Number of protein chains: 2
Amino acid sequence: MAEFTLYCFAQSGNAYKAALMLNLCGADWRPRFVDYFNGETRTPEFRRINPMGEVPVLEHGTRRLSQSAVILDYLAQHFGKFGWSNDDERREILRWLLFDNHKLTSYTATLRFMLALARTGETEVTAFLRQRSRTALGILNDHLATNDFALGGRPTIADISMCGYLFWPDEIGISWTGEFQHIGRWLDRIAALPGCVHPYKLMPGHPLPGRS
Amino acid sequence: MAEFTLYCFAQSGNAYKAALMLNLCGADWRPRFVDYFNGETRTPEFRRINPMGEVPVLEHGTRRLSQSAVILDYLAQHFGKFGWSNDDERREILRWLLFDNHKLTSYTATLRFMLALARTGETEVTAFLRQRSRTALGILNDHLATNDFALGGRPTIADISMCGYLFWPDEIGISWTGEFQHIGRWLDRIAALPGCVHPYKLMPGHPLPGRS
């Protein structure tokens, strides 16, 4: 029995944020596969585990936590890694976690879901999402032009959160070599951290049945 | 000179979250009007104040904070009101703040912007946003069926955040008397708190020139 159990599936970048943190901290953890594509998160059983109907969910002893940034906050305190040393630093991390949830992951994950998973093709909705996603990526890229990580010199849970959907540039139709090159170099720095593994190798369920 | 300065405008529910908190805490604050509809948040001058290009921004002494939930966190600690008593409670508040930013305000504010301010009429994008907004409202409504406030018996910054865009039901084409009645009763409880004032009366810039 592992110390931590993470409800997750390979295609979820939000679950990846938690899985990556567990791996970077060297935690004793196991994934519990959630069959999202066959509707498991909409079942009454899953809603009892998380009424918000989402992965990730982390179980640690009798504790059960949801929302990726809450899990990251908890693990940062538990392991004493990738966190803050005072309330000002905690709020600076929180600023980026909120930006990620409100503006970066929000639009980028939904765009990628429609293009790569639901395969809607280009629609008014994907055009809307792409424009919003690119605005958020631009803000992050500008910040990383003069900062190695969100908080400057060292990686924190703000970086672990924001990279959640960005290791799949082909699935969102984007490149890290041109306009967003500072994001590309930052992703290289994250990928070089001991314990960093690509989401499709870290969590179960890839590839989807019938897909390559 | 007031103790706190809040960059805001009447139509911003995100700014309202901070303005409402200041008022509920009895803070000595003044609004600094931001001319969003004439492009002020896109100017280089404003980007120096907040590189994310958004209101609210709170100034307190030499401190400058952005992201509504960061401001709420700061004010809760400063005033010792509407906050947490331990890290578990802090994370439970954070769970709702993230849900608000990722799922509730994110879709609801954008839907309302398109319908009431940009006046796009009904499009594929508004249909998409409405469906996502209603899903989030349903999760909140279910929770409030058995809880007076997000954390149960007392109001916290989680409530102050989530109500930000919900005092304009007519502008998002929704009613609080039917399916979402528990949200309606919760909004009544918030409106009854000493210091609670409707956003259009609390912040400058309403009505827009040429509109009623």
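Residues numbered from 1 in each chain as written. Chains lettered and ligands numbered in written order. Predicted model: local features only at pLDDT ≥ 70, side-chain atom pairs only at ≥ 80, totals over all residues.

1. Some points on the environment of Leu104(B)
All names here are of chain B. Put simply, the rule reads: Each helix corresponds to a stretch of at least 4 residues labelled H or I by DSSP, and each strand to a stretch of at least 2 residues labelled E; elements are numbered beginning at the N terminus. Residue burial here comes from a neighbour count, namely the number of other C-beta atoms, placed from the backbone, that lie within 10 Å of the residue's own C-beta, with 20 or more meaning buried, 12 or fewer meaning exposed, and in between meaning partly exposed. We call two residues in contact if the C-beta atoms placed from their backbones are at most 7 Å apart.
Relative to the assigned elements, Leu104 resides in helix 4 (residues 87-117). Residue classification places Leu104 among the buried residues on the basis of 25 C-beta atoms within 10 Å. For the pair Leu104 and Cys163, spaced 59 residues apart in sequence, the C-alpha separation works out to 9.7 Å. Leu104 has contacts with Phe99, Ala136, Leu140 and Met162, leaving out every residue within four places of it along the chain.

2. Description of the sheet that holds strand 3 (residues 57-60) of chain B
Residues and elements named next belong to chain B. The condition is simple: The criterion for strand pairing is that DSSP finds at least two bridges linking the strands in question. Lines fitted to C-alpha atoms define the axes here, with helix axes fitted over just the stretch in contact, and angles between the N-to-C directions of these axes take values from 0 to 180 degrees.
Here four strands make up an open sheet; going across it, the order is 2-1-3-4 and the pairing mixed. This sheet does not close on itself; its edge strands, each paired only once, are strand 2 (29-33) and strand 4 (63-66). Looking at each pair of strands side by side, their axes are set apart by 20° on average, direction ignored. Where strand 1 (residues 4-8) and strand 3 come together, four bridges link them in antiparallel fashion. Looking at the pairing, Phe4 lines up with His60 of strand 3. Packed on one face of the sheet, helix 1 (residues 13-24) meets strand 1, strand 2 and strand 3 and runs near 155° to strand 1.

3. Remarks on helix 5 (residues 124-144) of chain A
Heads up, the condition is: Given a helix with a known number of residues, its expected span is that number minus one, times 1.5 Å. The arc refers to the directions leading from the helix axis to the C-beta atoms.
Over its 21 residues, helix 5 of chain A extends 30 Å from the first C-alpha to the last, a length consistent with the 30 Å expected when each residue adds 1.5 Å. Within helix 5 of chain A the residues assigned to the buried category are Thr126(A), Phe128(A), Leu129(A), Ser133(A), Ala136(A), Leu137(A), Leu140(A) and Leu144(A). End-on, the buried residues of helix 5 of chain A take up no more than an arc of 160°, which puts them together on one face. Contacts made by the buried residues of helix 5 of chain A are with helix 4 (87-117), helix 6 (157-162) and helix 7 (181-191) of chain A together with helix 5 (124-144) of chain B.

4. Observations regarding the relation of the copies chain B and chain A
We count it as follows: In this comparison the copies share one frame, found by least squares on the C-alpha atoms of residues holding pLDDT of at least 70 in both.
For the pair chain B and chain A, the best superposition has an RMSD of 0.0 Å and corresponds to a rotation of 180° with a translation of 0.0 Å parallel to the axis. Expressed as an axis order, the relation between the two copies is that of a two-fold axis. Of the interface residues in chain B, 100% have counterparts in chain A that sit at the interface too, so the contact is made through matching surfaces.

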